Amino acid sequence: MTTNENELATTGEEHADAPEDAAVETEALEITPEAAPQAGDVVTGDAAAEPIAEPETVTEPVAEAIVEPVTETETVLDPVVEPVPTTDAPSVPEDADVEPTPVPRGERPAITAPKEIADLPDDLSADDFAKAIEQTVFEFKEGDIVGGSVVRIDQDEVLVDIGYKSEGVIPLKELSIRNAASPGEIVTVGEEIEALVLQKEDDNGRLVLSKKRAQYERAWGRIERVMNEGGTVTGPVIEVVKGGLIVDIGLRGFLPASLVDLRRVRDLQPFIGEAIEAKVIELDRNRNNVVLSRRAYLEEEQAEQRHAFLVDLKTGDVRDGVVSSVVNFGAFVDLGGMDGLVHVSELSWQHVNHPGEVVNVGDKVTVRVLEVDHDRERISLSIRQTTQDPWEQFIEASETGDVLEGAVTKTVPFGAFVSVGEGVEGLVHVSEIAMHHVESPELELSIGQQVRVKVTEVDADRRRVSLSIKQALPEWEERSTWSERKPSKPRRREFQREDEAEAQPSFNADASLEAILQELKERGIGRS
């Protein structure tokens, strides 16, 4: 054996006796260029079959192996190639678990017990037995909504089979949102219902459920969604309370009386039992408060009809309508789709103190359209202009000097007003009430008193007529006759003789004094 062979053999024995760590180090050394076999060395085994490369040939691939990873590293660290994460869309690992958005309790399906058991062999194995238990037993907790069927109805409670170890009990107060309702009116035996679990086991070991609260949970989510979407809810009217109605929409919705219809409804009793469709205008779950508006729904539904109605309505049109409400300043008339206002001054040609004196709710009236405001959707109407102007009738039928029958309508300090026709009143001045001096008209006349008056003046432009009571009296007519006679001749003096000439003087003014005295003596005048 040559020297090289001895060295190789010795080296192999040392490697065989060395620990595993040493072997790893030896292997590491073998892959370095210094440890590679040189030309002329003797090798054995598989290595002997391979030609020994020249030193230059071995060095070149090693140099390439060193350069390649450096170039790869520089490429990875290049900021142009590496993507930059953004704050808007944080990167999430593909294998990371994303928690699903929790579903509100009111929108979860009701938990129900399995209704059927799969076919199982008579001789059950351990797996079959576990499977059978899994199929017949279901888990739930307090606050969950479960489904079941009604098995018994008592006066104060209802029993429900939900597939649990015992039947659930629904107390009367937890059965419905309706007050003073009997259980038989709410549910029937065999009916499938949903209920919320209040207690899995009370002091008496009973499972306590609530049908009313399950309806609450279902209704709140639905109503919130309807309100956000601008939709409507529908339910029957179950109760009349102070100020409005209670509507069953899965919970107790309050409908104010002013929002029941397009016009205010005074009698709400006829709405009991009627299905109402309304919009949700206020929702407060913390206060358990839901406010509805049927008027908003009706207005929305009739918006197009109102627009078409206003376009078709023209000033001067005469329409028939029904008085819908009476207020202090006038009356509202339903024209068949919209209400118009008849101001108190347009109710009658006569003076009206309150609209209730002329019209009442429900009266059928004929009105004339005075004005149509398309922007504010308001209509001004008139009842009096559908009838002939009484002033025109009065002017045509009466003139100055006519004596008419009338009734006292009002007394004032300066006189009294007397109605002499439909919608026509005249003023009797205080000086024209009586032949004598009148201190106050109230002392001579009373409201409603029938009097005869004489027309003394008519002012058609100002729509005023002046009247007189004293000039219509017979005494005044006689006095007028006296004043209208022709003046009579001067009356003769008692001592004047009939044969004396009236135009001639009784004595000569130029006569002497003696003649005058003599003449007087003859007539018996003067001293004898």
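Residues numbered from 1 in each chain as written. Predicted model: local features only at pLDDT ≥ 70, side-chain atom pairs only at ≥ 80, totals over all residues. Heavy atoms only, no water.

Caption draft 1: Local environment of the overall build of the chain. Scanning the chain for helices and strands turns up 12 helices and 20 strands. Among the 528 residues that make up the chain, the fraction classed as buried is 29%. Residue pairs at least 24 apart in sequence account for 57% of intrachain contacts in the chain once pairs closer than 6 positions are excluded. Per element, the accessible surface of the chain, about 36,100 Å² overall, is 49% carbon and sulfur. (Helix = DSSP H or I, 4+ residues; strand = E, 2+ residues; numbered from the N terminus. Buried < 20%, exposed > 50% of the residue type's maximum accessible area, 1.4 Å probe, protein only. Contact = heavy atoms within 4.5 Å. Areas by Shrake-Rupley, 256 points an atom, 1.4 Å probe, with all protein chains shown as cover.)

Caption draft 2: Geometry of the nonpolar core. Judged by nonpolar contacts, the single largest core of 26 residues is most densely connected at Ile 249, Leu 251, Leu 255 and Leu 292. Those elements that provide at least two residues to this core are helix H6 (211-229), strand S6 (232-241), strand S7 (244-248), strand S9 (275-284) and strand S10 (289-293). No other element matches H6, which puts five residues into this core. (Core = buried A, V, L, I, M, F, W, Y, C linked by side-chain atoms within 4.5 Å.)

Caption draft 3: The sheet that holds strand S16 (residues 403-412), seen in detail. The mixed closed barrel is built from five strands, whose spatial order is S16-S17-S18-S20-S19. Adjacent strand axes in the sheet meet at a mean angle of 50°, parallel and antiparallel pairs treated alike. As paired strands, S16 and strand S19 (residues 450-459) are joined by five bridges and run antiparallel to one another. The residue bridging Gly 406 from the neighbouring strand is Val 451, located in S19. The strands that helix H9 (residues 390-397) touches are S16, strand S17 (415-421), strand S18 (424-429), S19 and strand S20 (464-468); relative to S18, the one it contacts most, it runs at about 65°. (Pairing = 2+ DSSP bridges. Axes fitted to C-alpha atoms, helices over the stretch in contact; angles between N-to-C directions.)

Caption draft 4: Spotlight on the environment of Val 158. Looking at the secondary structure, you find Val 158 in strand S2 (residues 157-161). A C-alpha to C-alpha distance of 9.3 Å links Val 158 and Gly 184, two positions 26 residues apart in sequence.

Caption draft 5: Structural detail: the side chain of Gln 471. For Gln 471, the position within the fold is in the loop between S20 and helix H11 (474-484). Look at Gln 471 and you get buried, because its relative accessible area is 17%. In terms of polar contacts, Gln 471 uses its side chain to reach the side chain of Glu 432, at 3.1 Å. When near neighbours in sequence (up to four residues on either side) are disregarded, Gln 471 contacts Glu 432, Lys 454, Thr 456 and Trp 476. (Polar contact = N/O pair within 3.5 Å; in protein donor to acceptor, adjacent residues only side chain to side chain.)

Caption draft 6: Here's a closer look at the pairing of strand S11 (residues 318-327). Pairing of S11 with strand S14 (residues 364-373) involves five bridges; the strand directions are antiparallel. Residue pairing across strands places Asp 320 opposite Thr 366, the latter belonging to S14. In the sheet, S11 pairs with strand S12 (residues 330-334) via five bridges, with the strands oriented antiparallel. Bridge assignment links Val 323 to a residue of S12, and that residue is Val 333.

Caption draft 7: Local environment of the sheet that holds S12. Taken together, the five strands give a closed barrel; going around it, the order is S11-S12-S13-S15-S14, and neighbouring strands pair in mixed fashion. Strand-to-strand twist in this sheet, taken as the mean axis angle between neighbours without regard to direction, amounts to 50°. In this structure, S12 lies alongside strand S13 (residues 339-343), joined through five bridges in antiparallel fashion. From the neighbouring strand, Asp 334 faces S13, where its bridge partner is Asp 339.

Caption draft 8: Examining the pattern of salt bridges more closely. Scanning all chains against the criterion turns up 16 salt bridges. Across the pair Arg 285 and Glu 217 runs a salt bridge whose closest N-O atoms are separated by 3.2 Å. Taken together, the residues Arg 285 in the loop between S9 and S10 and Glu 217 in helix H6 connect sequence positions 68 residues apart. For Glu 217, a relative accessible area of 12% translates into the label buried. Measuring nitrogen to oxygen at the nearest pair gives 3.4 Å for the salt bridge that ties Arg 452 to Glu 405. With Arg 452 in strand S19 and Glu 405 in strand S16, this pair connects stretches of sequence that are 47 residues apart. Residue Arg 452 is classed as partly exposed on the basis of its relative accessible area of 41%. (Salt bridge = Lys/Arg side-chain N within 4 Å of Asp/Glu carboxyl O.)

Caption draft 9: Focus on H6. For H6, which comprises 19 residues, the first-to-last C-alpha distance of 27 Å matches the rise-based estimate of 27 Å (1.5 Å per residue) to within 8%. Listed in full, the buried residues belonging to H6 are Lys 211, Lys 212, Ala 214, Tyr 216, Glu 217, Ala 219, Trp 220, Gly 221, Ile 223 and Val 226. Count one or two residues on from H6 and you reach Gly 230, which has phi positive near 75°. (Expected span 1.5 Å × (residues − 1).)

Caption draft 10: Spatial organisation of the side chain of Arg 294. Residue position: Arg 294 is located in helix H7 (residues 294-301). Buried charge Arg 294 goes without a salt bridge, the closest partner of opposite sign being Asp 261 at 4.1 Å. Apart from the residues within four sequence positions on either side, Arg 294 is in contact with Leu 255, Leu 259, Val 260, Asp 261, Phe 271, Ile 276, Glu 277 and Ala 278. (Lys, Arg positive; Asp, Glu negative; His and termini not counted.)

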